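# Observations on chain architecture
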Amino acid sequence: NWFAPSLTARMEAGSADWPIEEIAQLLTTGISPRATTSGPMADVVRHGLQYLTREDGRAMAVYLKSLPESAPRAHPGSPPLTEQVQQWFQRGAKIYEKHCQDCHGASGQGAPGIYPPLAGNRGVTMTPPINAIRSVLNGGYPPSTMNNPRPYGMPPFAQALRDDEVALVLSYIRNAWGNRASLVTKAQVDRSREGIH
């Protein structure tokens, strides 16, 4: 139940403007200054990609950068800033301040190599928002690898936050610090809870 973006939609997947070295680092260690792998991709890194030679990791990164770009998918975009939406963002900002700000920063800047930035993070603004929802509910854990043996992780918030609170904080994050994306709904969060006990 995770969303894998097209590798040819590089702007959507988030690596179009990345240096090759950072792509190779993400593939082989699970972390980079701009992102961390989690969910099924963390398993791929842990069980396979971390064992690539430096040359093979770089070759994969070069290949990924060489893929022709497909036409970007239509995105719903950010919502109009009605009074109600502004109130939702204010409520989401309070949840962010309480549960997220200590690690991801007041401006969503994160801590490179430790906590990924949320500002300008295409994984956060991707449509559908399923990966962001699942990361909040299940936690975000990059793989333990040879070159990152003790990764930092994010605890799961499935028990700490209600569906509406997850929707509020993610809607805020997806539209703060220059991010622009659709609102997350309570129903989307509820569907993502399947299998969480």
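Please read these numbers as outputs of a predicted model, since none were measured by experiment.

### A closer look at the overall build of the protein
A tally of regular secondary structure across the protein gives 10 helices and zero strands. The globule rule puts the C-alpha radius of gyration for 197 residues at 16 Å, and the 17 Å found for the protein is close to it. Considering only C-alpha atoms, the protein reaches an extent of 55 × 35 × 30 Å along its principal axes. If you take every contact in the protein between residues at least 6 apart in sequence, the share linking residues at least 24 apart comes to 64%. Accessible surface for the protein amounts to roughly 10,700 Å². Of this, 55% is attributable to carbon and sulfur atoms. Each charge class in the protein can be summarised by its mean position, and for the 19 positive and 16 negative side chains these summaries are 2 Å apart.

### Looking at the pattern of salt bridges
Under the defined criterion, the tally for this structure stands at six salt bridges. Measuring nitrogen to oxygen at the nearest pair gives 2.7 Å for the salt bridge that ties D43 to R46. Here D43 pairs with R46, and both are found in helix 3 (residues 39-47), just three residues apart, close to one helical turn. Measuring nitrogen to oxygen at the nearest pair gives 2.3 Å for the salt bridge that ties D163 to R193. With D163 in helix 9 (residues 163-173) and R193 in the segment after helix 10 (186-192), the pair connects residues that are 30 residues apart, well separated along the chain. Judged by relative accessible area, which is 12%, D163 ranks as buried.

### A few points about the nonpolar core
In terms of nonpolar packing, the biggest core is built from 24 residues, with Y96, V166, V169, L170, I173 and V189 touching the most fellow members. Of all the elements in the fold, those that place two or more residues in this core are helix 5 (83-99), helix 8 (130-138) and helix 9. Per-element accounting of this core gives the leading share, seven residues, to helix 9. Leaving out residues up to four positions away in the same chain, Y96 has contacts with Q101, H104, G105, G108, L118, V169, Y172, I173 and W177. Of all hydrophobic cores here, the second largest spans 11 residues; its members include I23, L27, L64 and L67.

### Overview of the packing of helix 2 (residues 20-29) against helix 4 (residues 54-66)
Here helix 2 crosses helix 4 at 120°, and the two axes come no closer than 8 Å. By the angle between their directions, the pair helix 2 and helix 4 is classed as oblique. Considering the relative orientation of helix 2 and helix 4, their crossing is right-handed. Taking contact as the criterion, the partners of I20, E21, I23, A24, L27 and T28 in helix 2 are, on helix 4, G57, R58, M60, A61, V62, L64 and K65. When the residues that make up the contact of helix 2 with helix 4 are grouped by side-chain class, the tally is eight nonpolar, two polar and three charged.

### A look at the packing of aromatic side chains
For the structure on display, the rule yields four aromatic pairs. Summarising the aromatic geometry, the rings of Y96 and Y172 are spaced 5.9 Å apart at their centres and angled 55° between planes, so their arrangement reads as tilted. Of this pair, Y96 sits in helix 5 while Y172 sits in helix 9, and the two are 76 residues apart along the sequence. Y172 matches Y96 in its accessibility class, with the two residues each being buried.

### So, the packing of helix 5 against helix 9
The geometry of helix 5 relative to helix 9 is characterised by a closest axis approach of 7 Å and an angle of 100° between their N-to-C directions. Between helix 5 and helix 9, the angle falls in the class roughly perpendicular. In this structure, helix 5 uses W88, F89, R91, G92, A93, I95 and Y96 to contact helix 9, whose residues at the interface are D164, E165, L168, V169, S171, Y172 and I173. Its residues assigned to classes, the contact of helix 5 with helix 9 shows nine nonpolar, two polar and three charged.

### Some words on the confidence of the model for the protein
Predicted confidence across the protein gives a mean pLDDT of 88, with 90% of residues reaching 70 or more. Between the elements of the protein, mean pLDDT differs from a low of 50, seen in helix 1 (residues 10-13), to a high of 97, seen in helix 9.

### Regarding helix 5
For helix 5, built from 17 residues, the straight-helix expectation of 24 Å at 1.5 Å per residue is met to within 8% by its first-to-last C-alpha distance of 25 Å. Those residues of helix 5 hidden inside the fold are in contact with helix 6 (101-104) and helix 9.

The rules behind these values
- Residues numbered from 1 in each chain as written.
- Predicted model: local features only at pLDDT ≥ 70, side-chain atom pairs only at ≥ 80, totals over all residues.
- Heavy atoms only, no water.
- Helix = DSSP H or I, 4+ residues; strand = E, 2+ residues; numbered from the N terminus.
- Rg over C-alpha atoms; globule rule 2.2 N^0.38 Å.
- Contact = heavy atoms within 4.5 Å.
- Areas by Shrake-Rupley, 256 points an atom, 1.4 Å probe, with all protein chains shown as cover.
- Lys, Arg positive; Asp, Glu negative; His and termini not counted.
- Charge placed at Lys NZ, Arg CZ, Asp CG, Glu CD.
- Salt bridge = Lys/Arg side-chain N within 4 Å of Asp/Glu carboxyl O.
- Buried < 20%, exposed > 50% of the residue type's maximum accessible area, 1.4 Å probe, protein only.
- Core = buried A, V, L, I, M, F, W, Y, C linked by side-chain atoms within 4.5 Å.
- Axes fitted to C-alpha atoms, helices over the stretch in contact; angles between N-to-C directions.
- Parallel < 35°, antiparallel > 145°, perpendicular 65-115°, else oblique.
- Left-handed = near helix turned anticlockwise from the far one by under 90°.
- Nonpolar A, V, L, I, M, F, W, Y, C, P; charged D, E, K, R; others polar.
- Phe/Tyr/Trp six-rings, centres within 6.5 Å; stacked < 30°, edge-to-face > 60°.
- pLDDT = per-residue confidence, 0-100.
- Expected span 1.5 Å × (residues − 1).

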